[in-house]
Structure formats: C-alpha cells, structure tokens
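So the chains spell out like this:
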Amino acid sequence: MAKIDFGGVMEEVVTSEEFPLEKARTILENEVVAVIGYGVQGPGQALNLRDNGVRVIVGQREGGASWDRAVADGFVPGKTLFPIEEAARKATIIQYLLSDAGQVAMWPKIKACLNEGDALYFSHGFGVVYKDQTGIVPPENVDVILAAPKGSGRTVRTNFLDGSGINSSFAVFQDFTGRARERCLAMGIAIGSGYLFETTFEREVYSDLTGERGVLMGCLAGVMEAQYDLLRRHGHSPSEAFNETVEELTQSLIRLVAENGMDWMFANTSTTAQRGALDWAPRFRDAVIPVFDRLYESVKNGDETRRVLDVNSAPDYREKLNAELDAIRKSEMWRAGSAVRALRPENRKQ
Ligand SMILES: NC(=O)C1=CN([C@@H]2O[C@H](COP(=O)(O)OP(=O)(O)OC[C@H]3O[C@@H](n4cnc5c(N)ncnc54)[C@H](O)[C@@H]3O)[C@@H](O)[C@H]2O)C=CC1
Ligand SMILES: CC(=O)[C@](C)(O)C(=O)O
Ligand SMILES: [Mg+2]
Ligand SMILES: [Mg+2]
C-alpha cells in the first residue's frame, strides 16, 4: 500500500497502479458477481465491472423501471439478469446494492441464498453496523466486505467512461475464506475506483451519514436557501440571487477548489472578496458547530437510521419523496436556477 501524507497524518491507500486491473481480474477469475439492485449504484458498478471483464449478473425485482433499465443496458433476462434470489444463489460475490431500507426487507431471503465461502459485499456500513435495527447479521461462513464509492453511482460510471476514477473506501468486516481482503480490493478496483482508502464499517457509516446530511447535501441545500431568501427579502431579483448563491459557485469557484484547494480559490478572487470571506468563514463555522454536534450524535445513537428505516420502508415512500423533490424543483429559487442553466451559452445553442 502506498503511504501518503494527508496533511501531516500518514495513511495507506491502494491505488489502481499498485493494484492494477489485471491483478483484480485474476483474483476475480472464478467468481460470479451478482449486483443486487439496479438503482443508482447498481448500474454504475455493474457496467464498470462488465466493461472490466468481470463475470457479472444483475438481480432485480422483475417488471419495474430498474429491470427495464438493466435490459436497456444489455443485461439479458435468464442469462445475465434474474429475479433477486435467483441471482444471489448463482453468485459467489453478492453485491448488496438495494436501497438501505430495501436491504432490511430482503435480508431473510438473501441470507438464505448465501453459500459457504461467498462474499457479501456492501457499499455502505449501514445494514451491518445498525444490526439492532436492520437485523442484518451475516452468517459466520461468508466474507463480509465493503467498497464505498465517495460519490453518486452516476459519477462512478461517468468517471470510468472519461478515464478517471472515483475514490472509494474499503473495509473487511469478516474474513472467513482468508481471501476477504484481496476480494475486497479486487472488487474496489474493478468497480472503477482510482484509489481506495481503508476504513471500518462503523467509521464508513458514521462519516457517510454525517457528510451527506452535512456539507455535501443537507447543509449545502440549507445555506443556499437561506442566502437566496435573504437576497430576495432585500429586493434582489431571482436571477441575481441565484447567480450570487449557486451559479457562480458551481460554474466557477468550486471548480477552483476542486482543482487546487480553498486557498487557490481565495487567491483567484478579489482582495475584497478574500478579506470578507476570511472574516466570515469563522463566524459561519462557529454558528454551525452546534448543529454538526447534534448531527453526529444523531448518527451515532441510531436516530438517523430509525428515521431512514421508518420513512423509507413506508409503502408510499416513493410518492412522498417525489412530492418533496417536486416542491424543491417548483420553488422560485430552483425555477430561477432552471432558467439560469438554460441561459448558459452551451445550453442556449441547443
Ligand atoms: N446512491 C448512491 O450513489 C450511493 C449509494 N450508496 C449505497 O449503495 C447502496 C445502494 O444505494 P442506491 O443505489 O442509492 O439504491 P436505490 O435507492 O437506487 O435502490 C436500488 C434498488 O433497490 C430496489 N429496492 C428497494 N427496496 C426494495 C425492496 N424492498 N425489495 C426489492 N427491491 C428493492 C429498487 O428496485 C432499486 O432499483 C446503499 O447501501 C447506499 O447507501 C453508497 C454510495 C453512494
Ligand atoms: C453519493 C454518496 O456517497 C451518498 C451521498 O453518501 C449517498 O448517496 O448515500
Ligand atoms: Mg457517500
Ligand atoms: Mg450515503
């Protein structure tokens, strides 16, 4: 493993150079991988595995939109696409990529399909770590491994297609065969990871639930809305409020952060902007610390899990979710956003 200095802390990572695809292919040579669930991660990981020469089949509920999508992506019913349990029985590596609530519902059936020496693969620590709520306790005679892409399943695929790779974490929870670690790393590389950093199931789920509720999604959505509304209350137009809150971030400034870090972005803005941002950053930081403390506690004590399972296990959860997403889409802010996006020169030409 390569030793990398992450800001003064040495960590070991596995890169696609030191663990090349050829090595992954050899390790997975005699395996049949079943991707159970063809939602967001399922397609990204399944297609990358297939393109990387791994024997992969898909298990999905018959008849729904995800099944049709798998067919459209070239998986053939009866050959490489099966109902969930049939796929799970055929496989030696079961990639459990149903929604986390779906994993709980299907667990008794999946458990019954596991053979001694199989590997049960997750992209989240959720099911295993919150076992008191999920009931997911793998049998002792299988490997239990994790490769968790740090990005959307869409990006898992688009990064692969453009020749880059997603970063993923990996973890071994249970090593029955003595091969759990190599199977885990081989899968991590074969799904298209550029490098993998090591974690545990527990640390993965705590950090992942915090990140998505926090800066990556929840906090981001919240602070954007707060600033947009503030500007609107003070008489600014929707286009001005949206540009100054979202468009400039996604089209310019966050790209500089991605390229070269926060200081680089600051260095390429006006001295006026720098002064103000440097002064206000600690105020925002201090304002949200108590919210973040509550968030981490709520993750750790299982409250977030309870909420996810409650809401996402309801029969009408899809309708309710769509209504919530629809409300965002139809809000003035995001309708303004749609108009702003349409005005980007590259979109205007179409
Ligand atoms: N969405 C993403 O990009 C990421 C997801 N993950 C993890 O990957 C795993 C899969 O997540 P997603 O791809 O978002 O899942 P998803 O929400 O897209 O669901 C996948 C499939 O599960 C099926 N499903 C749901 N409930 C079911 C049930 N009761 N019975 C049978 N099938 C059912 C649905 O047909 C759907 O196609 C989760 O553990 C998630 O936390 C990790 C990183 C990113
Ligand atoms: C994309 C990702 O890794 C998330 C946000 O954690 C998720 O979809 O669960
Ligand atoms: Mg994540
Ligand atoms: Mg997540």
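What you see is a predicted model, and the numbers here were worked out from it, not measured in a lab.

Criteria and cut-off values
Residues numbered from 1 in each chain as written. Chains lettered and ligands numbered in written order. Predicted model: local features only at pLDDT ≥ 70, side-chain atom pairs only at ≥ 80, totals over all residues. Heavy atoms only, no water. Axes fitted to C-alpha atoms, helices over the stretch in contact; angles between N-to-C directions. Helix = DSSP H or I, 4+ residues; strand = E, 2+ residues; numbered from the N terminus. Parallel < 35°, antiparallel > 145°, perpendicular 65-115°, else oblique. Left-handed = near helix turned anticlockwise from the far one by under 90°. Contact = heavy atoms within 4.5 Å. Near = heavy atom within 4 Å. Polar contact = N/O pair within 3.5 Å; in protein donor to acceptor, adjacent residues only side chain to side chain. Areas by Shrake-Rupley, 256 points an atom, 1.4 Å probe, with all protein chains shown as cover. Phe/Tyr/Trp six-rings, centres within 6.5 Å; stacked < 30°, edge-to-face > 60°. Lys NZ or Arg CZ within 6 Å of the ring centre and 35° of its normal. Domains from an automatic or database assignment. Buried area = accessible area lost by both parts, 1.4 Å probe. Salt bridge = Lys/Arg side-chain N within 4 Å of Asp/Glu carboxyl O. Nonpolar A, V, L, I, M, F, W, Y, C, P; charged D, E, K, R; others polar. Buried < 20%, exposed > 50% of the residue type's maximum accessible area, 1.4 Å probe, protein only. Expected span 1.5 Å × (residues − 1). Bend = angle between axes of the 7 residues up to and from the residue.

1. Thoughts on the packing of helix α2 (residues 41-51) against helix α8 (residues 153-161)
Inference 1: In contact at an axis separation of 6 Å, α2 and α8 are set at 25 degrees when each is read in the N-to-C sense. It follows that α2 is roughly parallel to α8 by the angle criterion. Classified by chirality, the crossing of α8 by α2 is left-handed. Packed against α2, whose contacting residues are Q41, G44, Q45, L47, N48 and D51, the element α8 presents G153, V156, R157 and F160 at the interface.

2. Here's the deal with the site of ligand 1
Inference 1: If you check the shell around ligand 1, you find 22 residues, and the closest are Q41, Q60, S66, D100 and G153.
Inference 2: Take V40: an N or O atom from its main chain is 3.1 Å from an oxygen atom of ligand 1.
Inference 3: Contact between ligand 1 and S66: an oxygen atom at 2.8 Å from a side-chain N or O atom of the residue.
Inference 4: Computed on the free molecule, ligand 1 has an accessible area of 830 Å², of which 78% lies beneath the protein chains in the complex.
Inference 5: By residue number, the principal contributor to the shell around ligand 1 is helix α5 (residues 100-113), which donates five residues.

3. Observations regarding the packing of aromatic side chains
Inference 1: Applying the stated criterion across every chain, the model contains ten aromatic pairs.
Inference 2: With a centroid separation of 6.5 Å and 35 degrees between ring planes, the pair formed by Y130 and Y206 is classed as tilted. Of this pair, Y130 sits in the loop between α6 (126-129) and α7 (131-134) while Y206 sits in helix α10 (residues 201-213), and the two are 76 residues apart along the sequence.
Inference 3: Above the plane of the ring of F82 lies K90, whose end atom (NZ or CZ) is 4.8 Å from the centre.
Inference 4: It is R283 that lies over the ring of W280; its NZ or CZ is 4.2 Å from the centre.

4. Quick word on the domain arrangement of the chain
How large an interface is tends to be reported as the accessible area lost when its parts come together.
Inference 1: Here the chain is partitioned into domain 1 (2-199) and domain 2 (211-347).
Inference 2: Broken down residue by residue, the surface that domain 1 buries against domain 2 is led by A101, Y130 and Q133, which jointly contribute 71%.
Inference 3: Seen at the junction of domain 1 and domain 2, the total is zero salt bridges.
Inference 4: Along the contact surface separating domain 1 from domain 2 lie three residue pairs in polar contact (both at pLDDT 80 or more).
Inference 5: Secondary structure elements with two or more residues in the side of domain 1 that touches domain 2: α5 and α7.
Inference 6: Top contributing element to the side of domain 1 that touches domain 2 by residue count: α5, with three residues.
Inference 7: Residues that form the side of domain 1 that touches domain 2 fall into these classes: four nonpolar, two polar and one charged.

5. Let's talk about helix α9 (residues 180-190)
The α-helix advances 3.6 residues per turn, and as a result positions three or four apart in sequence lie on the same side.
Inference 1: Burial analysis of α9 places nine of its eleven residues in the buried class, the great majority of the element.
Inference 2: Taken together, the buried positions of α9 are occupied by A180, R183, C184, L185, A186, M187, G188, I189 and A190.
Inference 3: Looking one or two residues past α9, G192 carries a phi angle of roughly 110 degrees, positive in sign.

6. Concerning the packing of α10 against helix α14 (residues 271-300)
Inference 1: Relative orientation of the contacting elements α10 and α14 amounts to 135 degrees, with a least axis distance of 9 Å. Taken together, the axis directions place α10 and α14 in an arrangement best described as oblique. Judged by the twist between their axes, the crossing of α10 over α14 is right-handed. Taken together, the residues of α14 that come into contact with α10 (itself represented by V205, Y206, L209, T210 and R213) are L295, Y296, V299 and K300.
Inference 2: Across the contact of α10 with α14, the residue classes tally to six nonpolar, one polar and two charged.

7. Some words on α14
Inference 1: Compared with an ideal rise of 1.5 Å per residue, which puts 30 residues at 44 Å, α14 spans 41 Å between its outermost C-alpha atoms and is within 8% of the ideal.
Inference 2: In the structure, α14 departs most strongly from a straight axis at I289, where the bend amounts to approximately 35 degrees and where the proline P290 lies between one and four residues downstream.
Inference 3: Every buried residue belonging to α14 is among Q274, L295, S298 and V299, and all of these are buried.
Inference 4: Of the surrounding secondary structure, the elements contacted by the buried residues of α14 are α10, α13 (262-267) and α15 (303-312).
Inference 5: Count one or two residues on from α14 and you reach G302, which has phi positive near 90 degrees.

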